[in-house]
Every structure is written in structure tokens, then in C-alpha cells.
Amino acid sequence: MLSDVMEDYLKSIYQIQARSGPPVSTSAIAESLDKTPATVTSMLGTLEERGLVTREKYKGAELTPEGETVALEVLRHHRLIEAYLAEHLNYSWSEVHDEADALEHHISEEFERRVAAALDDPAVDPHGDPIPSADLAPLEDDETAPLTEHGVGDRVVVARVSDRDREELEYLADAGITPGTTLEIVDVAPFGMLTVRVAPESEQSLPEAVAGAIFVRHSVDASEPGEQAEGGET
């Protein structure tokens, strides 16, 4: 049986791999989990002995198929719990992450099944992140890019928002920037501030760090800025 800490490591490695590909460096894992490199190195040795990761000296670690399956199961638990808390217990999207972190290791498969059924088997969590399917198939690339990679005049739809910072999520919710919202970029300042039109009469200036946490795809419909694109989450 794996410990909660082992599962946290596997989940973190999976998420870093999804962003930048394998292998995942010790320093990246340490930063993600707020651990020392020495602690990470020790845990990676344990995970390698369990057949959950492979390691290449001076390069980093990569999940084995078994390790990837464990990571996907933990992610499924986490994101289903987030969705349930938001939809049925009136949690805001800025509150659900920490609660899900505490619960994700401790639910049964029957509980998972009932939560999924109660939510009609959702595809994404409140932040727009994809929920792994019940068969734990690897997640496909969502073909999104950070808002900061787009330029003036681009019309985009918010696909997902990083849940790393509670204050950022509260700020974006107040600004009406949530998954499914259509935005138009109206200005990119040389010092990093990015201004978007959230609604026909409303603009919002975002610091580069906040804009970089918003992942978008090009708009393909005629929605006005601020409107929810078809299929968007609120």
C-alpha cells in the first residue's frame, strides 16, 4: 500500500510531465512539493524500488505505467471532490483545492463511483482541469496556451485556470474570468501588465503572473467578451 506522501509525489511528477515532458528534475519536484532536493532524491529512490518511477542520473525521473496509473487515480479523486464540493456544498472555486488535497487519499472506489454519478460524470473540475476517466486512461493534450502567449486583438476562450493560488482565484472570480469566458486582449504593456476586455463595457488589467495562470484557446464563436462559450464552466 502506498503512503499519502508517495501518492503526492506521483501526482506531482505526472503534472510536471504533462507540462514539460519527462524526465522531471529533482529541483522541479522539490519546488512543486516544497521539499528539499535531498528529501526528493530519497523518495525517488523509494518509488524506483517500488517500480513506480525510473531514473536517469543527472536528468531526472519518469513515471512507469504503474506509477502513471496511480497518479491518474489520485488526480481523479482530487478533481471529482473539487467538483462535488463546488456543485453540492456551495464551496467557491478558491476553496476546493485544499479540501480535496486532504480527502483525495482517503475515499473508497465506491465513494468515487457515487460522487461521479451524482455529478453526471463531469469532464472537468471547477478550474477547468480535465478529470481522468474511470478507466484511468492517460489525459490528452488540451492544446491550450497561457494567456500571456497571445497578443493584442486576439479573442480567446478561457479553458482552465491554475488552482495554485487562492487569492488569484478570488480575484479572477470577481473579475468574471472563469472557464468558458470569452476575452479580447486590448493591450500588453512592456512591463508585463495585460489588459483584457471581459465584457463589452468592462476591461480588466492582469499582472503577468496572473495572466500566466490562465490557459486559453482561440475563440471560434461569436460570443461577446465576458460571455460563457458553449459548454463553458462557471
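So, here's what we can say about the structure. All of these numbers come straight from a predicted model, not from anything done at the bench. (Residues numbered from 1 in each chain as written. Predicted model: local features only at pLDDT ≥ 70, side-chain atom pairs only at ≥ 80, totals over all residues. Heavy atoms only, no water.)

Moving on to the packing of helix α1 (residues 4–20) against helix α3 (residues 37–49). α3 packs onto α1 with a crossing angle of 95° between their chain directions and a minimal axis gap of 11 Å. One element, α1, and the other, α3, form an angle in the roughly perpendicular class. Residues Val5, Met6, Tyr9, Leu10 and Ile13 of α1 form the contact with α3, whose participating residues are Thr39, Val40, Met43, Leu44, Thr46 and Leu47. (Axes fitted to C-alpha atoms, helices over the stretch in contact; angles between N-to-C directions. Helix = DSSP H or I, 4+ residues; strand = E, 2+ residues; numbered from the N terminus. Parallel < 35°, antiparallel > 145°, perpendicular 65-115°, else oblique. Contact = heavy atoms within 4.5 Å.)

Summed over the entire model, instances satisfying the criterion amount to 15 salt bridges. The closest approach of N and O atoms between Lys59 and Glu56, which form a salt bridge, is 3.4 Å. A salt bridge links Arg197 to Glu203, with the shortest nitrogen-to-oxygen separation between them at 3.1 Å. The partly exposed category is assigned to Glu203, whose relative accessible area is 45%. One continuous salt-bridge network, built from bridges that share partners, spans Arg155, Glu184, Arg197 and Glu203. (Salt bridge = Lys/Arg side-chain N within 4 Å of Asp/Glu carboxyl O. Buried < 20%, exposed > 50% of the residue type's maximum accessible area, 1.4 Å probe, protein only.)

A few words now on the sheet that holds strand β8 (residues 214–218). Strand order in the open sheet made by the 6 strands is β3-β8-β4-β5-β6-β7, with antiparallel pairing throughout. What marks the edges here is a single partner per strand, and that holds for β3 (145–146) and β7 (202–206). Sheet topology note: the strand β4 (residues 155–161)/β8 ladder contains 5 bridges and is antiparallel. The residue of β8 that forms the bridge with Val161 is Ile214. Taken strand by strand, helix α7 (residues 166–175) contacts β4, β6 (194–199), β7 and β8, and its axis lies near 165° from that of β7. (Pairing = 2+ DSSP bridges.)

In this structure, the largest pocket encloses a volume near 1,300 Å³. Looking at the largest pocket, it is lined by 40 residues, and the ones nearest its centre are Gln15, Ile16, Arg19, Arg79 and Arg160. Of all the elements in the fold, those that place two or more residues in the lining of the largest pocket are α1, α2 (26–33), α4 (65–88), α5 (96–103), β3 and β4. The leading source of residues in the lining of the largest pocket is α1, at 9 residues. (1 Å grid on protein atoms, 1.4 Å probe; cavity = no way out; pocket = protein on both sides within 12 Å on 5 of 7 lines; lining within 4 Å. Points joined across faces, edges and corners; volume = space filled by probe spheres on them.)

On to the environment of Pro146, then. Inspection of the secondary structure puts Pro146 in strand β3. Look at Pro146 and you get buried, because its relative accessible area is 16%. Spatially, the C-alpha atoms of Pro146 and Ala189 are 16 Å apart, while their sequence positions differ by 43 residues.

Pairing analysis gives 5 bridges linking β6 to β7, with the strands arranged antiparallel. For Arg197, the partnering residue across the bridge sits in β7 and is Glu203. In this antiparallel pair of consecutive strands, β6 and β7, the connection spans 2 residues.

Let us now look at the nonpolar core. Nonpolar side chains tend toward joint burial in soluble globular proteins. The biggest cluster of nonpolar side chains holds 23 residues, and the ones touching the most others in it are Leu10, Ile13, Ile29, Leu44, Leu47 and Leu63. Those elements that provide at least two residues to this core are α1, α2, α3, β2 (60–63) and α4. In terms of residue count, the dominant contributor to this core is α1 (6 residues). If sequence neighbours within four positions are ignored, Ile29 has contacts with Tyr9, Ile13, Ile16, Val24, Val40 and Leu44. Grouped together as the second largest cluster of nonpolar side chains are 19 residues, Val158, Ile177, Val196 and Ala211 included. (Core = buried A, V, L, I, M, F, W, Y, C linked by side-chain atoms within 4.5 Å.)

Considering the arrangement of structural elements, one finds Glu109 in helix α6 (residues 109–118). The class of Glu109 is partly exposed, set by a relative accessible area of 44%. Linking Glu109 and His77, residues 32 residues apart in sequence, is a C-alpha distance of 9.2 Å. Filtering out sequence-adjacent residues up to four positions away, Glu109 remains in contact with Glu73 and His77.

To continue, consider the side chain of Arg76. Relative to the assigned elements, Arg76 resides in helix α4. The residues touching Arg76, leaving out its near neighbours within four places in the chain, are Glu112, Ala116, Asp121, Ile131, Pro132, Ser133, Ala134 and Leu136.

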